[in-house]
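An overview of the molecular structure
So the chains spell out like this:
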Amino acid sequence: MTTGLQERFAPERLIATACEEAGSDDFGEDGWQPALERLVDGLVNEARLSVIGVEIAYLDLMRALKNRLEIIAWRRQNPGVAAGTIDQPIFIVGQPRTGTTILYDLLAQDPDLRAPLTWEVDNPCPVPRPETYHDDPRIAQTQASIEMSEQIIPGFLKFHPMGALVGQECVRITAGEFTSMIFSVQYRLPSYYRWLLYQADHAGAYRYHRVFLQHLQSGVPGQWLLKSPAHLWQLDALLTEYPDALIVQTHRDPLNVISSIAALTHHLRRMASDESNIAECAAQSYEEITVGLDREMALRDRGVIPPGRVIDVLFSDFMKDPWTTIRDIYQRLDRELRPEAEQRMREFLAAHPGDGGRGRYTWTDTGLDAGEVRERVRAYQDRYGVPTEQLR
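Below or above, wherever it landed, is the structure these notes cover. Quick caveat, the model's predicted, so the values are computed rather than measured.

This brings us to the overall build of the chain. Looking only at helices and strands, the chain features 20 helices and 5 strands. The C-alpha atoms of the chain give a radius of gyration of 20 Å, which matches the 21 Å a tight globule of 392 residues would have. Principal-axis analysis of the C-alpha atoms gives the chain an extent of 55 × 45 × 45 Å. The burial tally for the chain puts 56% of its 392 residues in the buried class. In the chain, once contacts between residues fewer than 6 apart in sequence are set aside, the share between residues at least 24 apart is 79%. Working note: accessible area of the chain is about 16800 Å², and carbon and sulfur atoms make up 50% of it. Charge centroids of the chain, computed over 41 positive and 56 negative side chains, lie 2 Å from each other.

Okay, here's the thing in structure tokens:
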């Protein structure tokens, strides 16, 4: 199967097919090709793709390539797009599974904030328009593909809620640079994730991120509200590209984070492989989480992250009283929480209460030594006053 995969995923073949289908060969800025080569090498030799996984991975790659081609073509035809400014974007960061998604979804209910919705991230061309923003035909197409994942793995959407009309994560955008954590979560890619963590230059990914946002806002403008736990590892690159960014960082006991993200990673990988191992997922999560937390604390210590630029949110406080947390965020952002925005947030939360993830992950599944991991993250917990939770 490997020989056939090598042919199917040959970078030059993927690129040629994307150019033919998009009717363009202009990818914009160079520099992303080595990352694509590294990624496809992992998909061929390490990911243990199933038959359906091959098709899923192929579609992921083609979507990223074609979206990039179409965005650059639109940009060339509409030069004013590149002049669009992005002022004080708000980034929600933090470890995965620390409330970033529900916080993002709630803040996105504010009409004064602009979140990139899943349908427009997956299908950005032609540029979205205000008059069709909530009934564009691409919405139904995107929703149908999301629901297909539920057919492949029943229960998937309860584990990881998704929808065409909710905010999408930035990792889906930076996939177009092929330097994105989305791939190393969705697929077993040990060489790629270590390269991403320790060696990759993420500057190009953030430049492409800006290109993508400029494209979307040329149709539907607004102050950007963005989210991805992956930013935690690259806050210096983020602030280089967006010097006036405002950052909301969520904090939670890393041990329950590790077991939760390991279970989610295992669940995601089962969509593309019949050979996922939850302990292997946990070992990757442990390495990534601890490196991310150490890196973020070091950046603050060195003054790379300006004092007062980060709003710290404890997961325990947010879960206990989301409205006090949100009001505090608005106060720190020097924004007014208008009654209509709060009402929309309350209605969203009532319709999406969540279940706390019960029964979906346990620490014993990870195969990790709790005492060793606790000692490893003690400095982080002490620094931010993160309470130790009972292990699930």
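Moving on, there is more to tell.
Looking now at the sheet that holds strand β1 (residues 90–94). The strand order across the open sheet formed by 5 strands is β2-β3-β1-β4-β5, and the pairing between neighbours is parallel. Looking at which strands have only one partner, the edges of the open sheet turn out to be β2 (113–114) and β5 (310–314). In the sheet, β2 pairs with strand β3 (residues 223–227) via 2 bridges, with the strands oriented parallel. For Leu113, the partnering residue across the bridge sits in β3 and is Gln223.

Turning next to the environment of Gly94. Turning to its location among the elements, Gly94 is positioned in strand β1. With 219 residues separating them along the chain, Gly94 and Val313 place their C-alpha atoms 9.3 Å apart. Apart from residues no more than four positions distant in its own chain, Gly94 is found in contact with Thr100, Pro229, Leu232, Gln249 and Thr250.

The topology assignment puts Thr174 in helix α9 (residues 170–174). Among the polar contacts made by the side chain of Thr174, one reaches the side chain of Ser180 at a distance of 3.4 Å. In this structure, Thr174 is in contact with Thr179, Ser180, Ala205 and His209, ignoring residues within four places of it in sequence.

Turning next to the pairing of β1. β1 sits mainly inside the fold: 5 of its 5 residues count as buried. By the alternation rule, side chains of β1 split into Ile90, Ile92 and Gly94 and Phe91 and Val93, which are all buried. The pairing of β1 with β3 spans 3 bridges and is classified as parallel. Within β3, the residue paired with Ile92 across the bridge is Lys227.

Moving on: unusual backbone geometry. The omega torsion across Cys125 and Pro126 is 0°, close enough to zero to call that bond cis. Here Arg48, not a glycine, exhibits a phi torsion of approximately 55°, which is positive. Secondary-structure assignment places Arg48 in the loop between α3 (33–45) and α4 (51–77). Residue classification places Arg48 among the partly exposed residues on the basis of a relative accessible area of 38%.

What counts and how
- Residues numbered from 1 in each chain as written.
- Predicted model: local features only at pLDDT ≥ 70, side-chain atom pairs only at ≥ 80, totals over all residues.
- Heavy atoms only, no water.
- Helix = DSSP H or I, 4+ residues; strand = E, 2+ residues; numbered from the N terminus.
- Rg over C-alpha atoms; globule rule 2.2 N^0.38 Å.
- Buried < 20%, exposed > 50% of the residue type's maximum accessible area, 1.4 Å probe, protein only.
- Contact = heavy atoms within 4.5 Å.
- Areas by Shrake-Rupley, 256 points an atom, 1.4 Å probe, with all protein chains shown as cover.
- Lys, Arg positive; Asp, Glu negative; His and termini not counted.
- Charge placed at Lys NZ, Arg CZ, Asp CG, Glu CD.
- Pairing = 2+ DSSP bridges.
- Polar contact = N/O pair within 3.5 Å; in protein donor to acceptor, adjacent residues only side chain to side chain.

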